[in-house]
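Topology and contacts: notes
The chain contents come next:
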Amino acid sequence: MAKFEVQTTEEQGIVVLALQGYLDAHTAPEFEKTLQKVINQNQYRIVADLQQLRYISSAGLGVFMGFIEEIREKGGDIRFCSTEPKVYKIFELLGFPALFRFFPDRQGALASFQQDASNQES
Amino acid sequence: MREPIGQKAPANRKVYRLELPAASENLALIREFVGGIAENMGFDEETVINIELAVDEACTNVVRHAYNNTTPPERARIRIAVRPYSDRIEITIADNGKGFDPRKLPSPDLVRYVRQMRRGGLGIYLMQKLMDRVYFRIQPGVRNEVRLVKYLSAPGNTTDRASESARSNSKKTGK
């Protein structure tokens, strides 16, 4: 049976959520809980690493949409990286690339947050 | 020649049926069931995923909205019927829950919709984007039905990549 897992780590002060498996209406609540926990810890700079994500439905996309407003109000963002082409197509179909930033790899996504921070300092 | 959509199937027509409790834990099983049939019919991998996703969206709507807490669990069912035709697959997702008015659903300007950070309502939009035809037949409490149709090779259908196969060539010339 299709499984979903999410691993939470911190790199350079940025939360990295590594999603694995199948994100649908059954597994979305688990991901929602994880994201809520991150936000409860006042961490708003988030990279969603989708390298191991095999499938996403609108229920999964809805989790990102449900949190992004609050995260951006707090000066943070969710940025995506390493998205498999077939998964990216679903994001594309729903217009996500106009609203979210996608990076080819995790380093790029992390660096974009560091870039933001140094821009603010200068 | 294309057979008319939704026509009464001849007695020898294959129909694959699956009936399950309307629970999210069954979504993966439903995707595998429908995806397996589509794959055997010769749909390419990308289209198989699109079909699975459209079916998932239809079933998610049933799981989330068709029944309420007072429905006895044994009555909260979801029924899937898959009919392979020579030129297309037809999938019917049915429930006997409260139904909905498809005319009142948002036909969203997606970018604006997503910009408003709204959740939900994306499922039907996705179904319509991913499939060639989507039909609703709503009889609240009796039978609500979503019928999804995908052609093996639709003219001008950019999501279909099977045009190189002998199968789709025979479609183009097989009038």
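In what follows, the accompanying structure is described. (Residues numbered from 1 in each chain as written. Chains lettered and ligands numbered in written order. Predicted model: local features only at pLDDT ≥ 70, side-chain atom pairs only at ≥ 80, totals over all residues. Heavy atoms only, no water.)

Let us look at helix α3 (residues 85-93) of chain A. Residue and element names in this part refer to chain A. All of the buried residues in α3 are V87, I90 and F91. Along the axis of α3, the buried positions cluster into a sector of 100 degrees, meaning they face one direction only. Downstream of α3 by one or two residues, G95 has phi in the positive range, about 75 degrees. (Buried < 20%, exposed > 50% of the residue type's maximum accessible area, 1.4 Å probe, protein only. Helix = DSSP H or I, 4+ residues; strand = E, 2+ residues; numbered from the N terminus. Arc of directions from axis to C-beta.)

What follows is about the sheet that holds strand β4 (residues 133-139) of chain B. Residues and elements named next belong to chain B. The strand order across the open sheet built from 5 strands is β1-β2-β3-β5-β4, with neighbouring strands paired in antiparallel fashion. Either end of the sheet is taken by a strand with one partner, and the two such strands are β1 (16-21) and β4. If you compare each strand with its neighbour and ignore which way they point, the axes differ by 15 degrees on average. Bridging between β4 and strand β5 (residues 143-151) involves 7 bridges; their strand directions are antiparallel. Residue Q139 lies in a different strand from β5, and its bridge partner there is R143. Each of β1, β2 (77-84) and β3 (88-95) is contacted by helix α1 (residues 27-41), which is oriented at about 5 degrees to β2, the strand it contacts most. Lying on the sheet, helix α4 (residues 122-130) is in contact with β4 and β5; it crosses β4 at an angle near 135 degrees. (Pairing = 2+ DSSP bridges. Axes fitted to C-alpha atoms, helices over the stretch in contact; angles between N-to-C directions. Contact = heavy atoms within 4.5 Å.)

The next point concerns the sheet that holds strand β3 (residues 45-56) of chain A. Residue and element names in this part refer to chain A. Taken together, the 5 strands give an open sheet; going across it, the order is β1-β2-β3-β4-β5, and neighbouring strands pair in mixed fashion. Of all the strands in the sheet, the pair left with one neighbour each is β1 (4-11) and β5 (101-103). Within the sheet, the average angular offset between the axes of one strand and its neighbour, ignoring direction, is 25 degrees. For β3 and strand β4 (residues 77-81), the ladder comprises 5 bridges, and the chain directions are parallel. Its bridge partner being in β4, R45 is matched across the sheet by D77. Here helix α1 (residues 28-40) sits on the sheet and contacts β1, β2 (14-23), β3 and β4; the angle it forms with β2, its principal contact strand, is near 175 degrees. Those strands touched by α3 are β3, β4 and β5, and its axis lies near 110 degrees from that of β3.

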